[in-house]
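Take a look at the letters that make up each chain.
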Amino acid sequence: MPFDHFDVIAPIYARVTYSSLDKMRELAELPVKGRLLDVGGGTGRVVTALRDLVDEVVIADISMGMLKQTPPATLKPVCSFSEFLPFPSDSFERVIMVDALHHVVHQPATADEMFRVLKPGGRIIIEEPDIRSFGVKLIALAEKLLLMRSHFLSPQQTADLFKNATIHAEDSSAWVVVTKP
Ligand SMILES: C[S@@+](CC[C@H](N)C(=O)[O-])C[C@H]1O[C@@H](n2cnc3c(N)ncnc32)[C@H](O)[C@@H]1O
């Protein structure tokens, strides 16, 4: 296994990152009855705030260091690659990914897996820093210098991983929303 930056920063990660979850709640149309999967969900920072808006939340992440920081009992952490999600097809009402797609090595396989495990009528929301903004270009450069293997897609490139995705952009963030017929 190559060196994993997230295993190292996991103990302080939730304290040094911030994002508004209002847009996620709105685009995911929460609350909803059913299960939510957070792919690349790390420490559970995002789903902890959404926990009461769904019946059950599951976090799939590759970093054991990040998963060890998830609050006990309230979330279900699963160590897995986003490219091979260990869940049956059509399992979740909502599948989200926040600030993780640019860290994933095989982005098309990840998109296919997120779509596979989504229930018909469900929604995928992918939130990413918007690489079209200058500040995010600087972050991308910094991650390259830290040898983080990041690969940022534009919002359109992310949407093109799916059929019929819509793009929402605000400030330096972009959200891609996919519904499964
Ligand atoms: C910047 S953190 C974001 C964590 C969380 N979504 C949040 O916003 O707090 C990126 C996460 O993606 C995970 N990750 C990267 N590549 C992955 C992959 N192929 N499969 C699953 N998780 C992955 C990392 O371990 C890390 O926890």
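Worth saying up front: this structure is predicted, and the values here are computed from it rather than measured. (Residues numbered from 1 in each chain as written. Predicted model: local features only at pLDDT ≥ 70, side-chain atom pairs only at ≥ 80, totals over all residues. Heavy atoms only, no water.)

Engineer: I'd like a description of the overall build of the protein chain, backed by residues and values.
Structural biologist: Along its length, the protein chain carries seven helices and seven strands. Along its sequence from the N terminus, the protein chain presents helices and strands in the succession α-α-β-α-β-α-β-β-α-β-α-α-β-β. For the protein chain, whose C-alpha radius of gyration is 15 Å, the value lies close to the compact-globule estimate of 16 Å for 181 residues. Seen along its three principal axes, the alpha-carbon backbone of the protein chain occupies a region of about 40 × 35 × 30 Å. A burial count over the protein chain gives 50% of its 181 residues as buried. For the protein chain, the share of sequence-separated contacts (at least 6 apart) that also reach a separation of at least 24 residues comes to 64%. Of note, the protein chain has its 19 positive side-chain charges centred 3 Å away from the centre of its 23 negative side-chain charges. (Helix = DSSP H or I, 4+ residues; strand = E, 2+ residues; numbered from the N terminus. Rg over C-alpha atoms; globule rule 2.2 N^0.38 Å. Buried < 20%, exposed > 50% of the residue type's maximum accessible area, 1.4 Å probe, protein only. Contact = heavy atoms within 4.5 Å. Lys, Arg positive; Asp, Glu negative; His and termini not counted. Charge placed at Lys NZ, Arg CZ, Asp CG, Glu CD.)

Engineer: An account of empty space enclosed by the protein is needed here, citing residue identities and associated values.
Structural biologist: Applying the stated rule across the entire model yields one cavity of 30 Å³ or more. Approximately 40 Å³ is the volume found for the largest cavity. Forming the boundary of the largest cavity are Ile 126, Glu 128, Pro 129, Asp 130, Ile 131, Leu 153, Ser 154, Pro 155, Thr 158, Ala 174 and Val 176. Secondary structure elements with two or more residues in the lining of the largest cavity: strand S5 (118-129), helix H7 (155-159) and strand S7 (173-179). For the lining of the largest cavity, the element with the most residues is S5, which contributes three residues. (1 Å grid on protein atoms, 1.4 Å probe; cavity = no way out; pocket = protein on both sides within 12 Å on 5 of 7 lines; lining within 4 Å. Points joined across faces, edges and corners; volume = space filled by probe spheres on them.)

Engineer: Any chance you could break down the site of the ligand for me, citing the residues and the numbers?
Structural biologist: Neighbouring the ligand are 20 residues; Gly 40, Arg 45, Asp 61, Ser 82 and Val 98 lie closest to it. With respect to the ligand, the side chain of Arg 45 contributes an N or O atom lying 2.6 Å from an oxygen atom. Here the ligand, which alone exposes 600 Å², has 96% of that area covered by the protein. Contributions of two or more residues to the shell around the ligand are made by helix H1 (5-16) and helix H3 (45-50). (Near = heavy atom within 4 Å. Polar contact = N/O pair within 3.5 Å; in protein donor to acceptor, adjacent residues only side chain to side chain. Areas by Shrake-Rupley, 256 points an atom, 1.4 Å probe, with all protein chains shown as cover.)

Engineer: Describe the pattern of salt bridges, with residues and values.
Structural biologist: Under the criterion given, the structure shown has eleven salt bridges. We note a salt bridge from Lys 23 to Glu 170, for which the minimum N-O separation is 3.1 Å. In this pair, Lys 23 sits in helix H2 (residues 22-27) while Glu 170 sits in strand S6 (residues 166-170), placing the two residues 147 residues apart along the sequence. Classification of Lys 23 by relative accessible area gives buried; the value is 15%. With a closest N to O distance of 2.7 Å, Glu 113 and Arg 116 form a salt bridge. A residue pair is termed a helical-turn pair when its members lie 3 or 4 positions apart in one helix, as Glu 113 and Arg 116 do in helix H5 (residues 107-117) at three residues. For Arg 116, a relative accessible area of 26% puts it in the partly exposed group. (Salt bridge = Lys/Arg side-chain N within 4 Å of Asp/Glu carboxyl O.)

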